[in-house]
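Structural overview
Given next are the chains, with one letter for each unit.
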Amino acid sequence: MARNTSLKIARVRAEGRTSTAIIRGRRVHLVKGGPLGSLQETGDIYPMSQVELLAPIQPGKIVAIGLNYYTHIGDRTIPSKPEPFLKAPNSLIGPSSSIILPPNAGRVDEEGEVVAVISRRAKNLTEDQVDDYVLGYTCGNDVSAREWQAGDLQWWRAKSSDTFTAMGPWITTGLDPEAIDIEVRLNGKEVQKASTSEMIYSVRACIAFITSAMTLEPGDVVYTGTPGATSQLSAGDIVEVELGGIGVLSNPVAAG
Ligand code: MG
């Protein structure tokens, strides 16, 4: 597939079947195989209103970067290298699924982020090589329980409670990862606004750094950090993460 073609690759449920699909306008074109395959169209086409969009990929692992925008650092020290951590696949949800607030978690925040989807096995990459290993980008919400994040030794439940990793609505190919606009809205009100050009460590630098220690496999995803100040989520909220060139990931928030 040529680098400069831009495709929107989704996973959908249509008439009870789960399938990979290409989105063109408001039409959903089903394709054979998975999102990392040849994307050969089956000829089945649905209007968007008749399918359910799912998380666009089912990653083996979810790596996320902490403290990667100057505006999110506050009075903390600027990291001397990218700071990856892991989120568990049980936490993954797709568009429109509810983010569930655990009853005893205290404050839970949204974190709107750009998510890179890895297309092939990657180890010891240089920054210049990274684009050849990324299928595309999608919108992510790295939901975070702040009191558990501060009080637990590990971030296992602060970052990986069920429903704490929202992703979608689809993967867009052909984007420049250093020029993606991010806007997060809570109940329609803008709460985060930034560009990936404001990152401390670029998307390419973060992915290269991860692969210096950890092999990334096809379908793995990398959440690349959140800008500015994040906002607390409450039951009944709607949180939207919009990325330029991709679209909007929208999730309702519910009490657990
Ligand atoms: Mg984050």
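So, here is what we can say about the structure in this document. As the structure is a prediction and not an experimental result, all values here were calculated from the model.

This brings us to the environment of Pro 59. By secondary structure assignment, the location of Pro 59 is in the loop between β5 (52–54) and β6 (62–66). Along the chain, Pro 59 and Arg 107 lie 48 residues apart, while their C-alpha atoms are 27 Å from each other. When residues no more than four places from it in sequence are discounted, the contact partners of Pro 59 are Pro 89, Leu 92, Met 167, Gly 219, Asp 220 and Val 221.

Before going further, it helps to spend a moment on the coordination of the magnesium ion. Protein coordination at the magnesium ion: the donors are Glu 111 (OE), Glu 113 (OE) and Asp 142 (OD), at 2.0 to 2.1 Å from the metal. The sequence motif formed by the donor residues of the magnesium ion is E-x1-E-x28-D. Pair noted here: Glu 113 is in strand β11 (residues 112–118) and Asp 142 is in strand β12 (residues 134–142), with a separation of 29 residues, a long-range link. Here Glu 113 matches Asp 142 in class, with each residue buried.

A separate point is the pattern of salt bridges. Tallying each qualifying case throughout the model produces 19 salt bridges. Its salt-bridge partner being Arg 24, residue Glu 41 comes within 2.7 Å of it at the nearest N-O pair. Linking Glu 41 in strand β4 (residues 41–47) with Arg 24 in strand β2 (residues 17–24), this pair joins segments that are 17 residues apart in sequence. By relative accessible area, Glu 41 is classed as partly exposed at 34%. A single network of salt bridges, built from pairs that share partners, joins Lys 87, Arg 107, Asp 109, Glu 111, Asp 142, Arg 146 and Lys 159.

Remark: the centre distance and the inter-plane angle together describe each pair of aromatic rings, the angle taken between the planes. In this structure the tally under the stated criterion is one aromatic pair. Taken together, a centroid distance of 4.8 Å and an interplanar angle of 80° make the contact between Phe 85 and Trp 155 edge-to-face. One end of the pair, Phe 85, is in strand β7 (residues 83–87); the other, Trp 155, is in the loop between α2 (146–151) and α3 (156–160), and 70 residues separate them in sequence. Residue Phe 85 is classed as buried on the basis of its relative accessible area, which comes to 13%. Classification of Trp 155 by relative accessible area gives partly exposed; the value is 33%. Taking NZ or CZ as reference, Arg 120 lies 4.1 Å from the ring centre of Tyr 133, over its face.

What counts, and at which threshold
Residues numbered from 1 in each chain as written. Predicted model: local features only at pLDDT ≥ 70, side-chain atom pairs only at ≥ 80, totals over all residues. Heavy atoms only, no water. Helix = DSSP H or I, 4+ residues; strand = E, 2+ residues; numbered from the N terminus. Contact = heavy atoms within 4.5 Å. Donors = N, O, S within 2.8 Å, 3.2 Å for Na, K, Ca; no water. Buried < 20%, exposed > 50% of the residue type's maximum accessible area, 1.4 Å probe, protein only. Salt bridge = Lys/Arg side-chain N within 4 Å of Asp/Glu carboxyl O. Phe/Tyr/Trp six-rings, centres within 6.5 Å; stacked < 30°, edge-to-face > 60°. Lys NZ or Arg CZ within 6 Å of the ring centre and 35° of its normal.

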